[in-house]
Amino acid sequence: MENKRSDCEAINIDIVNKIKPNMPDMNILYELSDFFKVMGDSTRIQLLWALEESEMCVGDLAVLLNMTKSAVSHQLKVLRTAKLAKATKKGKNVYYSLNDHHVKMILEKALEHVCE
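Residues numbered from 1 in each chain as written. Predicted model: local features only at pLDDT ≥ 70, side-chain atom pairs only at ≥ 80, totals over all residues. Heavy atoms only, no water.

**With respect to the pairing of strand 3 (residues 93-98)**
Counted only if it meets this: For two strands to be treated as a pair, DSSP must find no fewer than two bridges joining them. Segments assigned H or I by DSSP are reported as helices when at least four residues long, segments assigned E as strands when at least two residues long, and all are numbered from the N terminus.
Pairing of strand 1 (residues 56-57) with strand 3, which is carried by 2 bridges, proceeds in the antiparallel orientation. Its bridge partner lying in strand 3, Met 56 is registered against Tyr 96. Where strand 2 (residues 85-90) lies against strand 3, 6 bridges are found, and the strand directions are antiparallel. Opposite Ala 85, over in strand 3, you have Leu 98 as the bridge partner.

**Details of the environment of Ile 106**
Put simply, the rule reads: Only protein chains enter the area calculation, which uses a 1.4 Å probe; residues under 20% of their type maximum are buried, those over 50% are exposed, and those in between are partly exposed. For this analysis, residues touch if any pair of their heavy atoms sits within 4.5 Å.
Mapping Ile 106 onto the fold places it in helix 6 (residues 101-115). For Ile 106, a relative accessible area of 32% puts it in the partly exposed group. Placed 19 residues apart in sequence, Ile 106 and Ala 87 show a C-alpha to C-alpha distance of 20 Å. Excluding residues that lie within four positions of it along the chain, Ile 106 makes contacts with Phe 35 and Met 39.

**Focus on the packing of helix 3 (residues 42-53) against helix 5 (residues 69-81)**
Here is the rule: For every element, the axis is a line fit to its C-alpha atoms; helices are fit only across the contacting stretch, and the angle between N-to-C directions ranges from 0 to 180 degrees. Geometric relationships in this document are graded by angle, where less than 35 degrees denotes roughly parallel, more than 145 denotes roughly antiparallel, 65 to 115 denotes roughly perpendicular, and other angles denote oblique. Each residue is assigned to one class: nonpolar for Ala, Val, Leu, Ile, Met, Phe, Trp, Tyr, Cys and Pro, charged for Asp, Glu, Lys and Arg, and polar for all the others, Gly among them.
Between helix 3 and helix 5, whose axes approach to 10 Å, the crossing angle comes to 80°. Classified by the angle between their axes, helix 3 and helix 5 sit roughly perpendicular to one another. Counted together, Thr 43, Arg 44, Leu 47, Leu 48 and Leu 51 of helix 3 and Val 72, Gln 75, Leu 76, Val 78 and Leu 79 of helix 5 form the full contact between these two elements. Partitioned by chemical class, the residues of the contact of helix 3 with helix 5 number 7 nonpolar, 2 polar and 1 charged.

**Some words on the packing of helix 3 against helix 6**
Basically, it comes down to this: Each crossing gets its handedness from the near helix: less than a right angle anticlockwise from the far helix is left-handed, clockwise is right-handed.
Viewed as axis vectors pointing N to C, helix 3 and helix 6 meet at an angle of 115°, and their least axial separation amounts to 10 Å. With respect to each other, helix 3 and helix 6 are oriented roughly perpendicular. The way helix 3 lies across helix 6 gives a crossing that is left-handed. For the pair helix 3 and helix 6, the contacting residues are Ile 45, Leu 48, Trp 49 and Glu 52 in the first and Val 103, Lys 104, Leu 107, Glu 108 and Leu 111 in the second. Taken together, the residues that form the contact of helix 3 with helix 6 break down as 6 nonpolar, no polar and 3 charged.

Nothing here speaks to function; it is geometry throughout.
In structure tokens:
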């Protein structure tokens, strides 16, 4: 990545110097940005919300959200790649659920924020 330089001088250099060491590594910030890009899709939010309620298979999710199984599968792949959802095979079916409690907490906090 290109190192960009500011075109101005700090007004409060003490504050800048205090905060600078606490800034996360740029690679972590890029990952965080990618995380929010994945979360920024209304279809994926609907899927995550459904999975917060219950573990579900692709067909049930498709019926619930009035989508094709292909579209649901595509979005679930994105969610799995981003480690927001996981798949568990049970017999002939694959069931999806939230990857961990952090995903549920993020959804709940985001909903709380937008409902304020």
